[in-house]
Amino acid sequence: MITANVRCRRTGSLLPRASAAALAIGLGWMPGIAAAQDATDATPADPALAEAAAQPEAGGEIIVTGSRIARPDLTSNVPVAVIGAQDLQRDAAINVQDALQELPQVGIGSSRTNTNFLTSGNGVATINLRNLGSSRTLVLVNGRRFVAGLAGTSAVDLNNIPTDFIQRIDVVTGGASAVYGSEAIAGVVNFIMKDRFEGIQARAQYGITGEGDNPRYMAAITAGTSFGADDRGSAIVHFSYDADEGLLSRKREISSQDCFYDICGPGAYSSYSAQGRFQLLDANGAAQNGFNGGSLFSFDPNNNVIAGSGVGFNRNGVRRISTPVERYLAAGMFNYEVSDNLKAFAEVTYSRVTSSSQIEPLALDALDIYDGETQFGIGIDNPFLPAAVRAQVAAYNAAALADGNAATNPITQIGFRRRQNEVFDRSNNNQRDTWRVAAGLRGTIADDWNWEASYVYGRLHDFTSSEDIDNNRYRNALDAVQLADGSIVCRSEAARAEGCVPINLFGFGTASPAASAYVQAVVPKSEDIVNQQQVVSVSLANSNLIQLPAGGVGVAVGAEYRKEESVDDLDILTNTGGNSGNVIPDTVGEFDVWEVYGEVSVPILADTFVNYFGVTGAARYSEYSQPNVGGVFSWNVGAELEPVDGLRFRGVYARANRAPNISEFASAPSETFAGVNDPCDRVTATSTGEFDAACRAIPQIAAAIAQNGEFRYTLADTQGINGFIGGNPNLAEETATTLTVGAVFQPRFVRGLALTVDYFDIKVDDAIATVGRNLSIRQCLTTSDPVFCNNVIRDQNTGFIRTVNDQLVNVAQIQTRGVDLGLRYTRALPLLAADDRIELTGNYTYLMDYKEQANPTAPNREFAGTIYYPEHKATARLAYMTGGFTLSWQVNYLGGGIADIDLLDDPDAAPLNHVGPRFYHDAQVRWDIGEDRRFSFYVGVDNVMDTEPPFLPGTPFNLSPTGTETAADLYDPFGRRFYVGAQVRF
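For every chain, the first residue of the written sequence is number 1, and numbering continues from 1 along that sequence. Totals for whole chains, interfaces and linings use all residues, but because this is a predicted model, local features are given only for residues with pLDDT of at least 70 and pairs of side-chain atoms are given and counted only at 80 or more. The basis for the side-chain values is all heavy atoms of the structure; hydrogens and waters are excluded.

Chemist: Looking at this model, I keep getting lost on the overall build of the chain. Mind explaining?
Modeler: For the purposes of this entry, the term helix denotes a DSSP run of H or I that reaches at least four residues, the term strand denotes a run of E that reaches at least two, and both are numbered from the N terminus. Per the secondary structure count, the chain includes 19 helices and 52 strands. For a compact globule the rule gives 2.2 Å times the number of residues to the power 0.38, and the radius of gyration it is set against comes from C-alpha atoms. Over its C-alpha trace the chain gives a radius of gyration of 31 Å, about what one expects of a compact globule, namely 30 Å for 986 residues. Its C-alpha atoms put the chain at 110 × 60 × 55 Å along the principal axes. Whether a residue is buried, partly exposed or exposed follows from its accessible area with a 1.4 Å probe, protein chains only, as a fraction of its type maximum: under 20%, in between, or over 50%, in that order. Within the chain, buried positions represent 57% of all 986 residues. The contact rule is simple, with two residues in contact once any of their heavy atoms fall within 4.5 Å. Restricting to contacts in the chain with at least 6 residues of sequence separation, those with at least 24 account for 72%. Areas reported as accessible are Shrake-Rupley estimates using a 1.4 Å probe. Residue values count occlusion only from the protein chains shown. Approximately 37400 Å² of the chain is accessible, and the part contributed by carbon and sulfur atoms is 56%. When the 74 basic and 112 acidic side-chain charges of the chain are each reduced to a single mean position, those positions are 4 Å apart. In this tally Asp and Glu are treated as negative and Lys and Arg as positive; neither His nor the chain ends contributes. Think of each charge as sitting on NZ of Lys, CZ of Arg, CG of Asp or CD of Glu.

Below you can see the structure in the form of structure tokens.
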């Protein structure tokens, strides 16, 4: 750790420049001890940066993330957690999301382990502070915005951030809208990139699990130099390549089989099988028992006709726990000192990220093809119909006519459910190209005023392609006839003219390659996304505008213009419902915003009966082009008190805002089949659950109970529940109040020790959310309120839920409260050599509350203590260093809890619903070789104890990506992992 001294204006004493910052930068993650934006985190492992690190800004004034005012100290009045370059080294982090995810302040964002089922954005990586969502977390690079990585959102894809180019990461938790603008309700993640480097550095790394799968590998090179007279210019460029090959669900025992509650295997397999399940129907779609006394028939593995539904399909056999991600990243930083008071700078970033999903072949139902009003299935004259079925159908119809029980044939059609193995598997392939350029000028005026003007342009192009079917072609191919010569052709001459080939769905592998090719969509299924961002900023700051007895008054003012555009263009068949998927319209939208802001820092007392007392404030006015947003005002006030040396109190109260993003206000309603739970499922005449009486009051449910003894859904029934969700052009902004109060303790009597404690309270009002499909169902049962009941559509004959709709509205309220603790201890420990030392760092978050109220009439639901909102979360690392040798051991802790509070009254889920805590241990050994330590070699093991994730089947929990049978985005689904790497500098 490089340590430089800075003259502190407040006390006149010499403060070690790293006395506070070193407690956060370098080895530890220390919330609350802020780092300098312009200070360089150099370590003995990176001597090329040492010279820059040792040069403080003039007067010792630095920029602390969370404020735009240069300050004469190394502290902040808001909690700032810092991950330094050396932390990333000790994590052996290839993707920076993996390191950020270990912070207790960070919730679950999108990642490679939960995006396999997305229609685009597979493998995307986002950050979610305080569990408030990626849309409420602002991501910056060198203090400036970065273009969004998902259509119509503000969520930045961290795949675009090259890990080896990061100097450090500042994580500010709490409302920061007054300083940085919208999306900063939960906080700010600011990536500070390297901007000066001499020489060339190359690194390579390879890792694999203890099971011999999910290999990950990377190679990176960074080069830099100074140029021009007196080295006024500097350039640093970086290129990296890395690949993660993903992991199939069948590679882990816990996820190799479909599961329904705790039943795994054939009993939980999907009813949409590869050989098909067929049902005999009349002209109205009602089942007819015309084959072996029943309405259903299927096929055995030898394609012999059998009665009943047959064997199902194991979807987990082809799904992925994690998606593969391949990245090419290039970045450059360029600076030139035009004069002593004028500097030009430019930042360039380009990334290409490719990924793919893998899920089972299409589950096709006859009603996906036919209208369900006049036609429900294949005609019984289809020539592919097995002879045994044909004979029994003919006999059944003849008997009905002879007995006078029917005027026409009772059986007219054959409904079906069949997996489309021969046609296509629904897997995506996507490629995301991201460009970002930031350029500008900065300088000083009259030695007191620092100014900067910058322009940022970012563009994402995300193209996702997959196969699909054309519904019209499929209907043509199913409508087959047999000619006199025995050949089977499509009935329609027009269809035959365009190449129609009849398709045979009766049995395993019966659809010919030609027929499978014909029914595929002529227009390939695709999603073409373009996000564009432009930001123009000017700022002016003076850290010593007025000299008061306690010090200088600091001010910062500025203005910003930002324009966001997004186009999400889907293929025409998806737009019109002409393929197998849901009807999804395109989304096209844009908005712009003009903003002005100001900050002030006022010292009140210094060197009196207290060491220091001061206050701060910030305000921002934003004018949005969205008519229901318009003018928005954000502000904060704060105070700092240092009564004695080594003890500092701090607090900030803020009013923050978030304007609706393009996806929220511009997207039209689209169809979804995401799972819902009907509380009426399994209700009996005597059951006493919370909703049971209301369920029995529904006539169709009462009739089902009278006939069958209970009202029960089949797996197929639940899988068929759809709904329409979408945006709302009338959305207004979200507002939030945030409070952080804390203390920093650095006792003089224990050198090298620093402790922090911070209480946080964040409340979001008018939160943009859907009412919630499950909540609509429950509230409709208990209140009969049309607000909820209009969203829930039950079948008029059976009582089963068929559709649950939703729409975004400013209706929700979210509140989270808790306490963050931080520990940092470093000391010399002469053990094997004179330069031995140890460093201990730790972070812990106690979540007191996480409450959500979906609307003013809904209950305020407490999620603290559930697995995605653990009450206790911690990380700690102990490092021992001597010479060029470093041994690091890290422990991450996830508190246990309830898996799903909606299932607390479900006795069948009870054994699975309580999840115990998990400890994950990571170890690394590193050698920096040579006097100048130009060569480094390291080996490590993640999840040393091979800790397994809990078993959480997709049904009934609906908490985890289908196919993993665990919350893989929270718990480690890979198991023990080994890695090895090397780094060399020239």
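Chemist: Where do I start with the pairing of strand β10 (residues 199-209) in this structure?
Modeler: The side chains of a regular strand alternate, residue by residue, between the two faces of the sheet. The pairing of β10 with strand β11 (residues 216-227) spans 9 bridges and is classified as antiparallel. Directly across from Q201, in β11, lies its bridge partner T222. Hairpin connection from β10 to β11: 6 residues lie between these consecutive antiparallel strands, with G212 at a positive phi of about 80 degrees. Think of it this way: DSSP has to see at least two bridges between two strands before they count as a pair. Relative to strand β52 (residues 977-985), β10 runs antiparallel, the two sharing 9 bridges. Counterpart to Y206 in the pairing with β52 is V980.

Chemist: Help me understand the state of the cysteines, please; the structure alone is not making it clear to me.
Modeler: Cysteine pairs can be linked by a disulfide, which is a covalent bond between their two sulfur atoms. Cysteine sulfurs are considered disulfide-paired once they come within 2.5 Å of each other. Under the criterion given, the structure shown has 4 disulfides. There is a disulfide in this structure between C259 and C264, and the S-S distance comes to 2.0 Å. Disulfide C259-C264: the torsion about the S-S bond is 105 degrees, which places it as right-handed. Looking at C264, the relative accessible area reads 38%, which means it is partly exposed. In this model, C490 is linked to C500 through a disulfide, with the two sulfur atoms separated by 2.0 Å. Given an S-S torsion of about -80 degrees, the disulfide between C490 and C500 has left-handed geometry. Placement of C490 in strand β28 (residues 488-490) and of C500 in the loop between α9 (493-497) and α10 (513-519) is noted, with a sequence separation of 10 residues between them. The buried category is assigned to C500, whose relative accessible area is 10%.

Chemist: Please clarify how the pattern of salt bridges should be interpreted in this entry.
Modeler: Two side chains that carry opposite charge are able to pair once their charged atoms sit near each other. We define a salt bridge as a side-chain nitrogen of Lys or Arg found within 4 Å of a carboxyl oxygen belonging to Asp or Glu. Counting across every chain of the model gives 47 salt bridges. Residue R426 is joined to E360 by a salt bridge in which the shortest nitrogen-to-oxygen separation is 2.9 Å. Note that R426 is positioned in the loop between β24 (413-419) and β25 (429-445) and E360 in the loop between β21 (342-356) and β22 (363-365), a separation of 66 residues in sequence. The exposure class of R426 is partly exposed, given its relative accessible area of 26%. Given a relative accessible area of 2%, E360 falls into the buried group. E734 is the partner of R658 in a salt bridge, and the nearest nitrogen-oxygen pair spans 2.9 Å. In this pair, R658 is assigned in strand β34 (residues 647-658) and E734 in strand β39 (residues 734-745), connecting sequence segments 76 residues apart.

Chemist: What am I meant to see in the environment of Y979 here?
Modeler: Take Y979: it is sitting in strand β52. With 39 residues separating them in the primary sequence, Y979 and G940 have C-alpha atoms 5.4 Å apart. Look past the residues within four positions of Y979 in its chain and what remains in contact with it is R90, A92, Q205, Y206, G207, A923, Q924, Y938, V939, G940, V941 and D942. Nitrogen and oxygen atoms within 3.5 Å of one another constitute a polar contact, given that in protein one can donate a hydrogen and the other can accept it, and given that sequence-neighbouring residues count only through two side-chain atoms. Within polar-contact distance, the side chain of Y979 engages the side chain of Q924 at 3.1 Å.

Chemist: Help me understand the sheet that holds strand β8 (residues 166-173), please; the structure alone is not making it clear to me.
Modeler: Sheets are built from strands paired through backbone hydrogen bonds, the pairs being either parallel or antiparallel. Here we have 5 strands laid out as an open sheet, ordered β5-β8-β9-β6-β7, and mixed in their pairing. The sheet is open, and its two borders are formed by β5 (80-84) and β7 (144-145), each paired with just one other strand. One ladder, built from 7 bridges, connects β8 with strand β9 (residues 187-193); its direction is antiparallel. Of the residues in β9, the one forming a bridge with T173 is G187.

Chemist: I would appreciate a short explanation of the side chain of S516 in the present structure.
Modeler: Among the secondary structure elements, S516 is positioned in helix α10. A residue is classified by how much of its surface remains accessible, and S516, at 3% relative accessible area, is buried. Within the structure, S516 has its side chain in polar contact with the backbone oxygen of E422 (distance 3.5 Å). Ignoring any residue separated from it by four or fewer positions in sequence, one finds S516 in contact with E422, V423 and A511.

Chemist: It is not clear to me how a negative patch on the surface should be interpreted in this structure. Could you clarify?
Modeler: Together, E211, E253, D946 and E948 make up a negatively charged patch on the protein surface. Considering the arrangement of structural elements, one finds E253 in the loop between β13 (247-248) and β14 (259-260). Within this analysis, patches are made of residues with over 30% relative accessible area and no salt bridge. Like charges are joined at 9 Å or less; nonpolar side chains (Val, Leu, Ile, Met, Phe, Trp, Tyr) at 5 Å or less.

Chemist: Looking at this structure, I do not really get helix α7 (residues 387-402). What am I missing?
Modeler: For an α-helix, 3.6 residues make a turn, and residues three or four places apart therefore share a direction. Between the first and last C-alpha of α7 there are 22 Å, a value that for 16 residues agrees with the 22 Å anticipated at 1.5 Å per step. Within α7 the residues assigned to the buried category are V389, V393, N397 and A400. The arc that holds the buried residues of α7, viewed along the axis, is 60 degrees, so those residues lie on one side. Summarising the geometry of α7, the exposed residues directed more than 90 degrees from the buried face are A387 and A402. Residues of α7 that are buried in the fold lie against β16 (277-281), β17 (296-299) and β18 (305-307). In the stretch just after α7, G404 is the one whose phi turns positive, near 75 degrees. Helix span is expected to be 1.5 Å times the residue number reduced by one. Think of it as the arc spanned by the lines of direction from the helix axis to the C-beta atoms.

Chemist: Help me understand helix α16 (residues 773-783), please; the structure alone is not making it clear to me.
Modeler: Where burial is concerned, most of α16 is hidden: 9 out of the 11 residues are buried. Among all positions in α16, only R773, N774, L775, S776, I777, R778, Q779, C780 and L781 are buried. Taken from the residues just after α16, S784 is the one with a positive phi, measuring 60 degrees.

Chemist: Even after reading the chapter, I still don't get a nonpolar patch on the surface, so can you show me in this structure?
Modeler: A grouping of I200, I221, F239, Y328 and F986 is seen on the molecular surface, where their side chains present a nonpolar patch of about 480 Å² in accessible area. Among the structural elements, F986 can be located in the segment after β52. Under the relative-accessibility criterion, F986 is labelled exposed at 59%.

Chemist: So what exactly am I meant to see when it comes to the nonpolar core here?
Modeler: Note on soluble globular proteins: their nonpolar side chains tend to be buried together. The term nonpolar core refers to a set of buried residues drawn from Ala, Val, Leu, Ile, Met, Phe, Trp, Tyr and Cys, joined through side-chain atoms within 4.5 Å. Within the largest apolar cluster, 62 residues are counted, with the highest numbers of intra-cluster contacts made by V96, L100, L158, I161, I169, F191 and I867. It is strand β40 (residues 753-769) that contributes the most residues to this core, 4 residues altogether. Excluding residues that lie within four positions of it along the chain, F191 makes contacts with V96, L100, V139, L140, V141, N142, L158, I161, I166, R168 and I169. Core analysis: the next-biggest nonpolar cluster, separate from the first, contains 33 residues, F291, I369, A477 and A495 among them.

Chemist: I tried to follow the pairing of β25 on my own but got confused; where do I start?
Modeler: Two elements, β21 and β25, share 15 bridges in a ladder whose sense is antiparallel. Looking at the pairing, S351 lines up with T434 of β25. Direction of pairing for β25 relative to strand β26 (residues 449-466): antiparallel, over a ladder of 17 bridges. Counted as the bridge partner of Q431 is F463 from β26.

Chemist: Any chance you could explain the packing of aromatic side chains here in plain terms?
Modeler: Any Phe, Tyr or Trp ring, taking Trp's six-membered ring, that has another such ring centre within 6.5 Å forms a pair; planes under 30 degrees apart are called stacked, those over 60 apart edge-to-face, and the others tilted. Under the criterion given, the structure shown has 24 aromatic pairs. Considering the side-chain rings of Y561 and W594, the 4.4 Å spacing of their centres and the 45 degrees angle between planes classify their relative orientation as tilted. Residue Y561 is found in strand β30 (residues 551-570), and its partner W594 is found in strand β31 (residues 587-606); the two are separated by 33 residues along the sequence. Summarising the aromatic geometry, the rings of W927 and F937 are spaced 5.9 Å apart at their centres and angled 25 degrees between planes, so their arrangement reads as stacked. Here the residue W927 occupies a position in strand β50 (residues 918-929), and F937 occupies one in strand β51 (residues 935-942), the gap between them amounting to 10 residues. Within the aromatic cluster, the residues linked to one another by ring pairs are F278, F291, F297, F299 and F506. Our definition puts a charge over a ring when NZ of Lys or CZ of Arg is within 6 Å of the ring centre and also within 35 degrees of the ring normal. Sitting over the face of the ring of Y261, R682 holds its NZ or CZ atom 4.8 Å from the ring centroid.

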